[in-house]
Amino acid sequence: MEEQKSEAVLIGTWRSPYCQRVELALKVKGIPYEFIEEDLSNKSELLLSYNPVHKKVPVLVHKGKPIAESLVILEYIDEQWGDSPKLLPEDPYERAKVRFWANFYDQKIMPATLPIIMSKGREQEKAIDDMNELLREFEDGMKRDFPGKFDFDDSQNLGFLDIVVATYAGNYKAFNEAVAVAMSPEKTPQFWSWVNALKEHPLIKETLPPHDKLVAKMREKFYGQTTNV
Amino acid sequence: MEEGVKVVGFWPSPYSQKVIWALKQKGVAYDYIEEDLSNKSQLLMKSNPVYKKIPVLLHGGKPIAESSVILEYIEETWPQNPLLPKEAYERASARFWIQFGAEKGPTFGSLFTSTAGEEQDKAAKDALEVLKILEEQGLGNNKFFGGDSINLVDLALGWLAHWFQCIEELVEIKLIEPTTLPRLHAWVENFNQVPVIHENLPDKKRLLAHMKSIREMSISAK
């Protein structure tokens, strides 16, 4: 029953990179889904019942059963729809490398954004330096573990790491504008040229949130600034 | 033909113990290399240049770091005695709980380094909340997180069955009790009776002494 199998519902928000990861994975696999926009300031009964432990988005509901945590969802999507383009490589060692770097990105790089947002002046400069060090570590890791990774062209299928990175780093322009920073992309040039190549991929282009809307939302979320957009 | 498997570990670490449990459960032969963390070896620095931490698994010379990544690798490379369910949804559920356990590390860390007073009361309350979630929503009415037999979730949370008792003893607060967390308490007993686990636990007294000195160092560094 192919129709039954594709009953996928994604509970998320338009601006969450974690939700966009799931959207991208579903799109790569060609799986039709319904998107339910959640108001995180007023969480729905639906979200609370589907993710009672964390009460967070994204939650993928497939055939009525909920899955939470973006990386867990991505692995689920790859396994459940196993015969379409694969998000993870087949070889266990290659898979281990992908998982290692996805974890590094989520546990080290993403949290390093907060100090940049929250600080000013010298403190902010230091926070940016710290981030660049982590990006350098990540860049070196990609070169070491996935030779040719940075030769991405937008006719390629998106893989696990492409999705993890593009949904966050892909919004750098909005971030730089909202936080009024310059991130010194020349420090990790290959990482950023890879991100720019990813942003040209048709699926990523259509999934990343619109620039102005995201800038306004970031300013509101980070600094309580409201603007008319 | 099995290519050489090595585990670089540290005897008091629950992270390296998880890897050992998984390999033993699957009957995979390996060489164990005890790392001196105060004087890290060339091997460790080369095999885990990013974190420079144990455990590291080496398979035919190829290094894998991060215990959750290592466990998935072991499961995929040696499919005998499976430690993850076959069905995709159940696998996702198992991974969810492994991630939950990993994320809540700092909650227990706070309890471990807390001293008597408001700070400790809060830390104990937070830890108890996590344990309740594990019992009610993770374990449910099952004997193990893996159902009738242990799986990667049990291994990932296995530190609660041995290391946590040392924390309880050091802070003088008992959280996993038959009255407050009956199913989790039963899980601790059952888990410790699984032969592979039972035969592969660091000596309790030695571990307690080690954790005591770590705790004292952390407290004095605050």
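The rules behind the values
- Residues numbered from 1 in each chain as written.
- Chains lettered and ligands numbered in written order.
- Predicted model: local features only at pLDDT ≥ 70, side-chain atom pairs only at ≥ 80, totals over all residues.
- Heavy atoms only, no water.
- Helix = DSSP H or I, 4+ residues; strand = E, 2+ residues; numbered from the N terminus.
- Rg over C-alpha atoms; globule rule 2.2 N^0.38 Å.
- Buried < 20%, exposed > 50% of the residue type's maximum accessible area, 1.4 Å probe, protein only.
- Contact = heavy atoms within 4.5 Å.
- Areas by Shrake-Rupley, 256 points an atom, 1.4 Å probe, with all protein chains shown as cover.
- pLDDT = per-residue confidence, 0-100.
- Patch = residues over 30% accessible without salt bridge, like charges linked within 9 Å, V, L, I, M, F, W, Y side chains within 5 Å.
- Salt bridge = Lys/Arg side-chain N within 4 Å of Asp/Glu carboxyl O.
- Lys, Arg positive; Asp, Glu negative; His and termini not counted.
- Charge placed at Lys NZ, Arg CZ, Asp CG, Glu CD.
- Phe/Tyr/Trp six-rings, centres within 6.5 Å; stacked < 30°, edge-to-face > 60°.
- Lys NZ or Arg CZ within 6 Å of the ring centre and 35° of its normal.
- Buried area = accessible area lost by both parts, 1.4 Å probe.
- Nonpolar A, V, L, I, M, F, W, Y, C, P; charged D, E, K, R; others polar.
- Axes fitted to C-alpha atoms, helices over the stretch in contact; angles between N-to-C directions.
- Parallel < 35°, antiparallel > 145°, perpendicular 65-115°, else oblique.
- Pairing = 2+ DSSP bridges.
- Polar contact = N/O pair within 3.5 Å; in protein donor to acceptor, adjacent residues only side chain to side chain.

**Considerations on the overall build of chain B**
Thought 1: The helix and strand tally for chain B stands at 11 helices and four strands.
Thought 2: Here chain B has a C-alpha radius of gyration of 18 Å; the compact-globule value for 222 residues is 17 Å, and the two agree.
Thought 3: Considered along the principal axes of its C-alpha atoms, chain B spans approximately 55 × 45 × 30 Å.
Thought 4: Within chain B, the fraction of its 222 residues that count as buried is 51%.
Thought 5: A separation of at least 24 residues holds for 67% of the contacts in chain B among residues at least 6 apart in sequence.
Thought 6: In the form shown here, chain B has an accessible surface area of approximately 10,600 Å², with 52% of it arising from carbon and sulfur atoms.

**A word on the confidence of the model for chain B**
It should be kept in mind that the predicted coordinates are not to be read in detail where pLDDT is low.
Thought 1: For chain B, the mean per-residue pLDDT works out to 96, and 99% of the residues sit at or above 70.
Thought 2: Both scores are given for the predicted complex: the pTM is 0.95, the ipTM 0.96.

**A closer look at a positive patch on the surface**
Thought 1: On the surface, Lys108(A), Lys40(B), Lys52(B) and Lys53(B) cluster together into a patch of positive charge.
Thought 2: Take Lys52(B): it is sitting in the loop between α2 (42-47) and β3 (56-59).

**So, the packing of aromatic side chains**
Thought 1: The tally for this structure, following the rule as stated, stands at 29 aromatic pairs over all chains.
Thought 2: Here Tyr76(A) and Trp81(A) contribute two aromatic rings whose centre-to-centre distance is 6.3 Å and whose plane-to-plane angle is 90 degrees, an arrangement assigned as edge-to-face. Of the two residues examined, Tyr76(A) and Trp81(A), each falls in the buried class.
Thought 3: Grouping aromatic residues by their ring pairs yields a cluster made of Phe100(A), Trp101(A), Phe104(A), Tyr105(A), Phe138(A), Phe150(A), Tyr168(A), Tyr172(A), Phe191(A), Trp192(A), Trp194(A) and Tyr51(B).
Thought 4: Positioned above the aromatic ring of Phe146(A), the side-chain terminus of Lys97(A) is 5.7 Å from the ring centre.

**Quick notes on unusual backbone geometry**
Thought 1: A cis geometry characterises the amide bond from Val57(A) onward to Pro58(A), with omega recorded as 0 degrees.
Thought 2: Assignment of secondary structure puts Pro58(A) in the loop between α3 (45-50) and β3 (59-62).
Thought 3: In this structure, the amide linkage connecting Ile54(B) to the following residue, Pro55(B), adopts the cis form with an omega of 0 degrees.
Thought 4: Along the chain, Pro55(B) turns up in the loop between α2 and β3.
Thought 5: For Ser184(A), which is not glycine, the phi torsion reads 60 degrees and is therefore positive.

**What to know about the interface of chain B and chain A**
Thought 1: Opposite the 26 residues of chain B that make contact, chain A presents 27 residues.
Thought 2: Note on chain B versus chain A: buried area summed over both sides is about 2,400 Å², and carbon and sulfur give 63% of it.
Thought 3: Interface area lost by chain B to chain A is led by Val50(B), Tyr89(B) and Phe96(B), which between them contribute 26%.
Thought 4: For the pair chain B and chain A, the interface holds six salt bridges.
Thought 5: Between Glu75(A) and Arg95(B) there is a salt bridge; the shortest N-O distance is 3.5 Å.
Thought 6: Listed by contribution, the elements that provide at least two residues to the side of chain B that touches chain A are β4 (62-65), α3 (67-77), α4 (88-103) and α6 (118-139) of chain B.
Thought 7: For the side of chain B that touches chain A, the element with the most residues is α4(B), which contributes 10 residues.
Thought 8: Classifying every residue of the side of chain B that touches chain A by side-chain character gives 15 nonpolar, four polar and seven charged.

**A few points about the packing of helix α5 (residues 92-109) of chain A against helix α7 (residues 121-145) of chain A**
Residue and element names in this part refer to chain A.
Thought 1: Contact pair α5 / α7: the axes reach a minimum separation of 11 Å and the direction vectors enclose 175 degrees. As far as their axial angle goes, α7 and α5 are roughly antiparallel. Residue-level contacts link Glu94, Lys97, Trp101, Phe104, Tyr105, Lys108 and Ile109 of α5 to Met131, Leu134, Leu135, Glu137, Phe138, Gly141, Met142, Arg144 and Asp145 of α7.
Thought 2: Residues that form the contact of α5 with α7 fall into these classes: nine nonpolar, one polar and six charged.

**Quick word on the pattern of salt bridges**
Thought 1: Enumeration over the complete set of coordinates arrives at 23 salt bridges over all chains.
Thought 2: Ionic pairing is found between Asp106(A) and Arg21(A), a salt bridge with its closest N-O pair at 2.7 Å. Taken as a pair, Asp106(A) in helix α5 and Arg21(A) in helix α2 (residues 17-28) lie far apart in primary sequence, 85 residues in all.
Thought 3: For Arg21(A), a relative accessible area of 0% corresponds to the buried category.
Thought 4: We note a salt bridge from Arg95(B) to Glu72(B), for which the minimum N-O separation is 2.7 Å.

**Observations regarding the side chain of Arg215(B)**
Residues and elements named next belong to chain B.
Thought 1: Note on placement: Arg215 falls in helix α11 (residues 204-221).
Thought 2: No salt bridge is formed by the buried Arg215, whose closest oppositely charged neighbour, Glu216, lies at an N-O distance of 6.4 Å.
Thought 3: Beyond its immediate chain neighbours, meaning those up to four positions away, Arg215 contacts Phe112, Ser114, Thr115, Gln120, Leu170 and Val171.

**Focus on the sheet that holds β3(A)**
Residues and elements named next belong to chain A.
Thought 1: Taken in spatial order, the four strands line up as β2-β1-β3-β4 in an open sheet, and their pairing is mixed. Either end of the sheet is taken by a strand with one partner, and the two such strands are β2 (33-37) and β4 (65-68). On average, adjacent strands in this sheet sit at an angle of 20 degrees to one another, irrespective of strand direction.
Thought 2: As paired strands, β3 and β4 are joined by four bridges and run antiparallel to one another. Paired with Leu60 across the strands is Ile67, a residue of β4.

**Some details on the environment of Gln20(A)**
All names here are of chain A.
Thought 1: Structurally, Gln20 is set in helix α2.
Thought 2: Taking the C-alpha atoms as reference, Gln20 lies 6.7 Å from Thr207; in sequence the two are 187 residues apart.
Thought 3: Setting aside chain neighbours within four positions, we find Gln20 in contact with Trp14, Arg15, Thr167, Asn171, Thr207, Leu208 and Pro209.
Thought 4: Among the polar contacts listed, one links the side chain of Gln20 to the backbone oxygen of Trp14, at a separation of 2.8 Å.

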